[in-house]
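# Fold and geometry: a report
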Amino acid sequence: MASNSKTDKKGPSPDEILNGFQSLRAEQRALSGKLSEFELDLNEHKMVIETLKNVNEDRKCFRLIGGVLTERKVKDVLPVLITNQEKLREFIEKLNEQITKKGQEINEYREKIQYPLPRSR
């Protein structure tokens, strides 16, 4: 029993420390993956908006909504695309902030445990 109380006071094992670190890194990688997805969406929105700005407003175009292809007029679709583009920009900003916070959390974790961990790749 005495040996168990000594190991309890010692703190987390190296495996627990490494698992905690790897968990934080996995969360950061997941956020980075989402960021990449939304940046691609933003670029697609930019290309479509630039293309539609140069065509007649009464021209018909097609928009994919929830897996259903719908026929609309450019004058109806363009304002919605511009609004979506602005929302995507805001969301990307928030994701960047979350990634930065997660990086700070990882650094704080490293400092707190004072155990040599593998550096980020």
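Summarised in this report is the structure supplied together with it.

Thresholds, definitions, all that
Residues numbered from 1 in each chain as written. Predicted model: local features only at pLDDT ≥ 70, side-chain atom pairs only at ≥ 80, totals over all residues. Heavy atoms only, no water. Helix = DSSP H or I, 4+ residues; strand = E, 2+ residues; numbered from the N terminus. Buried < 20%, exposed > 50% of the residue type's maximum accessible area, 1.4 Å probe, protein only. Contact = heavy atoms within 4.5 Å. Areas by Shrake-Rupley, 256 points an atom, 1.4 Å probe, with all protein chains shown as cover. Pairing = 2+ DSSP bridges. Expected span 1.5 Å × (residues − 1). Patch = residues over 30% accessible without salt bridge, like charges linked within 9 Å, V, L, I, M, F, W, Y side chains within 5 Å. Salt bridge = Lys/Arg side-chain N within 4 Å of Asp/Glu carboxyl O. Phe/Tyr/Trp six-rings, centres within 6.5 Å; stacked < 30°, edge-to-face > 60°. Axes fitted to C-alpha atoms, helices over the stretch in contact; angles between N-to-C directions. Parallel < 35°, antiparallel > 145°, perpendicular 65-115°, else oblique. Left-handed = near helix turned anticlockwise from the far one by under 90°.

Let's shift gears to the overall build of the protein chain. Looking only at helices and strands, the protein chain has three helices and two strands in total. Going from the N terminus to the C terminus, the protein chain shows its helices and strands as α-α-β-β-α. Here the protein chain holds 121 residues, and the buried ones make up 24% of them. A fraction of 63% describes how many contacts in the protein chain between residues 6 or more apart in sequence connect residues 24 or more apart. A total of about 9500 Å² of accessible surface is found on the protein chain, and carbon and sulfur atoms cover 51% of it.

All right, on to the pairing of strand β2 (residues 68–73) then. Note that strand β1 (residues 60–65) and β2 share six bridges and pair antiparallel. Within β2, the position partnered with F62 by the bridge is E71. Once β1 ends, the chain turns through two residues before running back antiparallel as β2, passing G66 with a positive phi of about 60 degrees.

Here we come to the side chain of Q85. Residue placement: Q85 occurs in helix α3 (residues 74–113). Once residues lying within four places of it in the same chain are set aside, the contact partners of Q85 are L42, H45, K46 and I49.

Counted at 1.5 Å a residue, the expected span for helix α2 (residues 14–53) with its 40 residues is 58 Å, and the 58 Å between its end C-alpha atoms agrees. Taken as a whole, α2 has its buried residues at I17, F21, L24, R25, Q28, L31, L35, L42, H45, I49 and L52. Buried residues in α2 make contact with α3.

Bringing a nonpolar patch on the surface into the picture now. Taken together, F62, L64 and L69 make up a surface patch of nonpolar side chains, about 360 Å² in accessible area. Mapping L64 onto the fold places it in strand β1. For L64, a relative accessible area of 61% gives the class exposed.

With the rule as written, the count across this model stands at six salt bridges. Residues D58 and K75 are paired through a salt bridge, measuring 3.3 Å at the closest nitrogen-oxygen approach. Of this pair, D58 sits in the loop between α2 and β1 while K75 sits in helix α3, and the two are 17 residues apart along the sequence. Owing to a relative accessible area of 41%, K75 belongs among the partly exposed residues under this scheme.

Centre-to-centre distance and the angle between the planes together describe a pair of aromatic rings. Under the definition given, this model contains one aromatic pair. Judged by centre distance (4.7 Å) and plane angle (70 degrees), the ring pair of F38 and F91 falls under edge-to-face. Placement of the pair is F38 in helix α2 and F91 in helix α3, with a sequence separation of 53 residues. Take F38: its relative accessible area is 22%, and that puts it in the partly exposed class. According to the relative accessible area criterion, F91 is partly exposed, its value standing at 37%.

At a minimum axis distance of 8 Å, the contact between α2 and α3 shows a crossing angle of 160 degrees. Regarding the angle of α2 to α3, the classification is roughly antiparallel. For the element pair α2 and α3, the recorded crossing hand is left-handed.

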